[in-house]
Amino acid sequence: RGGLAAYAPSASTWLEAVAAASTAWSSRWPLALLACAVPVLAVAAAVKRRVSGRQSKELSGNGLGTIFRVANQMLWKGPHRRRAAGYLLLLFLALATTNAATVAQSFAQREYMSALAQGDAALFGSGLAFALALLAVSIPTRCLAEFATGGLGIAWRDALTDGLLDEYFKPQVAYWLRKEGVVKDPDARIAVEAGHFADAAVLMVRDVFENAMKLLGFIGVVYTISRQLCVVMASYAILGAFATVLVFGRPLIRLDRGIRAQEATLRSAIARCRDKAEALTFAQGEAAEGAVIKERYQDLRRRQWSRVLWRTGLASFRDCFSWAAYLLPIAFVAPLYLRGEVRFGAIAQTVTAFQASLDALSVVVRKFRSVSSLVAEGGRLEGLSEALGRAVMPQSAIAMQTVTDGEGLDVIKLSLSLPTGAKLCTNLSFTLEPGQRVMISGESGVGKTTFIRSLAGLWSDGSGCVRRPASAVFLSQEPYLPEGTLRRVLSFPAVVGSFSDAEILLAAQGAQLDGVLGRFALDDVVDWEAVLSRGEQQRCTFCQALLARPALVVLDEATSALDVEREALLYEALEASCVVSVSHRIGLLESHTHVLRREEDDESGRPVWTFSPL
């Protein structure tokens with residue numbers, strides 16, 4: 001008891017010193033707040049003038065509305081909403097229990113601190129034991145809150161990623177998205193930024209819940225001790241929130257969004273060099289491409305420095321703002337203690353309650369850096385979602401009819417043009433009966449590939465009608481090989497298991513892939529685009545066509561990397577009822593029954609096409 005009482009005189013002496021200044025200052029707190037706010041806002045304004053000239057005008061933040069719109073998709077749409085709601089409820093209950101234990105801790109602290117000042121060892125021991133019991137209760141609930149936070153983050157990422165992937169892999173969406181060219185990095189937004197946004201959104205929701213509960217639990221404690229202190233606290237928090245949003249809000253959001261866009265452009269340029277590494281090496285263009293990419297990085301670095309200056313200003317404002325959490329409560333409560341209106345333990349309780357309440361009210365100030373990043377990522381995800389919604393074939397006068405039981409091809413009064421308005425063909429009509437094959441010939445740039453795109457439904461500038469079998473395979477000059485085993489490569493896009501190994505091997509032999517089968521087994525997984533030559537890749541796509549057995553096969557320079565002999569063997573192996581080919585090789589005419597040739601323009605300048613038997 002004597003040892004505990006020894007602390008009381010020194011504590012009282014210190015409080016008397018503080019009270020001597022706080023009694024005179026407490027009546028002038030508005031002037032003190034103004035004196036603190038003015039220089040901080042002046043520094044922020046100086047930072048704003050320093051970097052305002054570097055702001056990009058093409059990007060603007062949509063504020064918290066962006067977060068709410070993207071979060072709406074995570075909360076209320078998709079099959080994951082019930083699981084997310086369960087984790088959200090669990091998080092709320094865990095935080096509520098933890099907060100209740102924290103508030104009870106403040107009362108326990110008041111009791112054992114008062115006992116310490118009074119030298120009451122028994123009361124001090126009971127108060128400390130109660131505090132330890134509350135700690136034992138709060139630790140499991142904190143762990144439960146962490147588990148709910150992680151689970152909610154995964155559920156929200158599942159909702160975002162699944163929704164974006166479903167939209168991205170709808171038929172033709174990837175093609176029209178790339179053709180529009182607005183979103184250049186859908187891969188990064190789906191694979192990386194969706195996860196970042198989900199995790200940051202969960203932390204934001206947790207902060208809102210936690211701070212709201214702290215406010216409800218502690219503001220009453222502050223109010224019962226000093227109403228004036230409660231008013232000062234609320235006014236100070238509102239001032240800080242408005243200053244943060246008005247001075248730092250839009251510039252930081254704009255910079256975060258701009259930096260992410262520039263990072264995406266830089267990543268795309270580097271990835272393009274990797275994908276075209278062989279062609280780049282043959283062209284000896286490493287130095288030229290490196291100079292361009294470094295220049296893009298210099299632009300990114302300048303924008304990053306602007307963000308550093310803005311974040312420095314925000315951090316300075318936040319640090320200056322937070323001093324009140326340490327000084328204001330003592331300045332207000334010390335006179336009350338010296339007048340005997342409160343016990344000594346109320347001082348520590350007031351400091352704890354004031355800090356918790358001010359933190360809750362000033363969450364915008366403390367978390368604005370995270371909020372600005374969240375808005376930037378939410379804006380990019382929302383932009384991708386909108387672009388995916390627009391990624392459909394524009395309104396076209398070309399009627400596409402697919403016939404389930406048909407095997408022929410009918411082209412009726414087909415007219416095609418470029419987006420510039422230049423005509424490629426006018427009123428083209430022909431019929432390809434089952435068993436017939438047509439080869440399209442003509443100089444480069446006359447519209448052969450455009451005609452193939454119109455057969456696939458990938459061209460909107462034109463008019464007329466195309467009637468073709470629903471069972472059709474299109475092979476382009478640039479083969480697409482999926483990742484995975486050789487079995488999946490040879491049978492793509494069929495689901496693995498649709499064909500037996502014997503059927504795949506038979507089709508591979510028909511596609512002249514004996515050399516590939518000799519080097520690799522069907523279960524091997526390698527980077528196929530790196531280990532297979534262009535000719536072998538084209539033969540892999542032929543194997544896919546042989547397995548699919550379509551009624552119509554359309555080939556756009558699909559054998560350009562093959563020698564003449566193997567090319568002829570592949571055409572002999574095709575079992576499709578109709579074949580449409582684009583090629584510059586005259587010898588390939590022997591594998592066809594008809595030719596569609598681009599002739600000279602007529603007297604009026606209209607393009608002329610002729611369809612004739614061989």
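A. A look at helix 7 (residues 173-180). For helix 7, the full list of buried residues reads Val173, Trp176 and Leu177. For helix 7, the angular spread of buried residues about the axis comes to 105 degrees, placing them on one side. A positive backbone phi angle near 75 degrees is found at glycine 181, which sits one or two residues after helix 7.

B. Representation of helix 20 (residues 534-548) within the structure. With 15 residues, helix 20 should cover 21 Å at 1.5 Å per step; its first-to-last C-alpha distance of 22 Å lies within 8% of that length. For helix 20, the buried fraction is high: 13 of the 15 residues fall into the buried class. Looking at the residues trailing helix 20, positive phi occurs at arginine 549, about 50 degrees.

C. Just unusual backbone geometry, in detail. For the peptide bond that leads from phenylalanine 492 to proline 493, omega is 5 degrees, which places it in the cis range. In this fold, proline 493 is placed in the loop between helix 16 (486-491) and helix 17 (501-510). Of note, the phi angle at lysine 413 is positive, near 45 degrees, even though the residue is not glycine. Mapped onto the fold, lysine 413 is located in strand 2 (residues 409-417). Phi at glutamine 512 is positive, roughly 65 degrees, even though this residue is not glycine. Within the element layout of this structure, glutamine 512 appears in the loop between helix 17 and helix 18 (514-519).

D. Focus on the pattern of salt bridges. Within this structure, the stated rule accounts for 23 salt bridges. In this structure, arginine 534 engages glutamate 478 in a salt bridge whose closest nitrogen and oxygen atoms are separated by 3.5 Å. Of this pair, arginine 534 sits in helix 20 while glutamate 478 sits in the loop between strand 6 (472-475) and helix 16, placing them 56 residues apart in sequence. Judged by relative accessible area, which is 37%, arginine 534 ranks as partly exposed.

E. Quick look at the nonpolar core. Counting 35 residues, the largest nonpolar core has Leu486, Leu490, Leu513, Cys543, Leu555 and Leu574 as its most contacted members. Mapped by element, the contributors of at least two residues to this core are strand 6, helix 16, helix 17, helix 20, strand 7 (552-556) and helix 21 (564-573). By residue number, the principal contributor to this core is helix 20, which donates six residues. If sequence neighbours within four positions are ignored, leucine 486 has contacts with Val516, Leu517, Phe520, Ala521, Leu522, Asp524 and Trp528.

Definitions and cut-offs
- Residues numbered from 1 in each chain as written.
- Predicted model: local features only at pLDDT ≥ 70, side-chain atom pairs only at ≥ 80, totals over all residues.
- Heavy atoms only, no water.
- Buried < 20%, exposed > 50% of the residue type's maximum accessible area, 1.4 Å probe, protein only.
- Helix = DSSP H or I, 4+ residues; strand = E, 2+ residues; numbered from the N terminus.
- Arc of directions from axis to C-beta.
- Expected span 1.5 Å × (residues − 1).
- Salt bridge = Lys/Arg side-chain N within 4 Å of Asp/Glu carboxyl O.
- Core = buried A, V, L, I, M, F, W, Y, C linked by side-chain atoms within 4.5 Å.
- Contact = heavy atoms within 4.5 Å.

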